[in-house]
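# Understanding the architecture of this molecule
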Amino acid sequence: MQKSLRKAAQWLYNGYCLVLFTALGLTVLAVNLFLPNLRRRRRVAGAASRAFLRAAGIPFSVDGLNRLPQVPCVVVANHASYIDGLVAAAALPPEFAFVIKKEMVRVPLAGLLLRRLGSQFVERFNRHKGGVDTRRVLKLAATGQSLVFFPEGTFNEIRQIGKFLGGAFTTAARSDMPVVAMAIHGTRAVLPPGGVAVYALPIRVEILEVLTASDARQRCRELIAHAVGEPLAP
């Protein structure tokens, strides 16, 4: 009996989170269609992300935000769940544009919202198209735009920090920008890969260290793996 009640409560909570996420997402999209200022659009998205976590009863905290440099930078974070982007938007100031896999541009409404937030879409599988996208990101970085990358590119059920793709670090090196290692704790447990259930468990974002681009790729991976307690993928 208790097991059935817990299962029913979980399904009700999942439905509540879905309705909440959809309602907030549509509200943010509607507002941002009419806001001309990019920074204000990002502020709205960040506020809505924090509102979702709060309304869903998911404890959320950010540590080390004062470690972010006062100059344009490239933030790299681990990727373990579909909720990571929302969490990063909730944690970071509105100066950041997200670099996202190109498949997201084809998701109805989400692609439109992400474009309104100045997100950059990058092709992962076609080398020619990926090169064109990379050059576009480099041009954006050259203007002084701070960027957020999830350099693993994807995630799965295995608890590990995957190999980091080079785009974030190439962008930082060519644009002479520092690299910031950022660890996202707890999202794998809140919205596990391959599932649809949401759990009201703590999420914490931690700004770890500011590095120069030349030594950042492996160092970021090691710092993040140590922080979240997951092994490095071979």
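Details of the structure are given in the entry above.
Everything in this summary refers to the structure shown in the same document. (Residues numbered from 1 in each chain as written. Predicted model: local features only at pLDDT ≥ 70, side-chain atom pairs only at ≥ 80, totals over all residues. Heavy atoms only, no water.)

A few words now on helix α2 (residues 38-55). The first and last C-alpha atoms of α2 sit 26 Å apart over 18 residues, in line with the 26 Å expected at 1.5 Å per residue. In the core, the buried residues of α2 are packed alongside α1 (2-32), β1 (60-63), α3 (84-91), β3 (96-101), α4 (110-116) and β7 (203-211). The backbone nitrogen of Arg39 lies 3.0 Å from a side-chain oxygen of the residue at the head of α2, namely Asn37. Two residues or fewer past α2, Gly57 is found with a positive phi of approximately 75°. (Helix = DSSP H or I, 4+ residues; strand = E, 2+ residues; numbered from the N terminus. Expected span 1.5 Å × (residues − 1). Contact = heavy atoms within 4.5 Å. Polar contact = N/O pair within 3.5 Å; in protein donor to acceptor, adjacent residues only side chain to side chain.)

All told, the structure shown has three aromatic pairs when counted by the stated rule. Residues Tyr82 and Phe155 carry aromatic rings whose centres are separated by 4.9 Å and whose planes lie at 80° to one another, so their mutual orientation is edge-to-face. Placement of Tyr82 in the loop between β2 (74-77) and α3 and of Phe155 in the loop between β5 (146-149) and α6 (167-175) is noted, with a sequence separation of 73 residues between them. A relative accessible area of 64% means that Tyr82 is categorised as exposed. Accessibility expressed as a relative area gives 16% for Phe155, which makes it buried. (Phe/Tyr/Trp six-rings, centres within 6.5 Å; stacked < 30°, edge-to-face > 60°. Buried < 20%, exposed > 50% of the residue type's maximum accessible area, 1.4 Å probe, protein only.)

Another point: the packing of α2 against α3. Their axes nearest at 7 Å, the elements α2 and α3 cross at an angle of 115°. Between α2 and α3, the interaxial angle falls into the category roughly perpendicular. The way α2 lies across α3 gives a crossing that is left-handed. Of the residues in α3, those touching α2 at Gly46, Ser49, Arg50, Phe52 and Leu53 are Leu86, Ala89 and Ala90. For the contact of α2 with α3, the per-class residue count stands at five nonpolar, two polar and one charged. (Axes fitted to C-alpha atoms, helices over the stretch in contact; angles between N-to-C directions. Parallel < 35°, antiparallel > 145°, perpendicular 65-115°, else oblique. Left-handed = near helix turned anticlockwise from the far one by under 90°. Nonpolar A, V, L, I, M, F, W, Y, C, P; charged D, E, K, R; others polar.)

Read across the open sheet, the seven strands follow the order β1-β7-β6-β2-β5-β3-β4; overall the sheet is mixed. With one partner strand each, in any of the chains shown, β1 and β4 (120-122) form the two edges of the open sheet. Between one strand axis and the next, the sheet turns through 25° on average, direction left out of account. Relative to β4, β3 is paired through three bridges, and the arrangement is parallel. Its bridge partner lying in β4, Ile100 is registered against Phe121. Across the sheet, helix α8 (residues 216-228) is in contact with β2, β6 (179-185) and β7; its angle to β6 comes to roughly 25°. (Pairing = 2+ DSSP bridges.)

Note that every value here comes from positions in space, so none of it alone points to a role or purpose.
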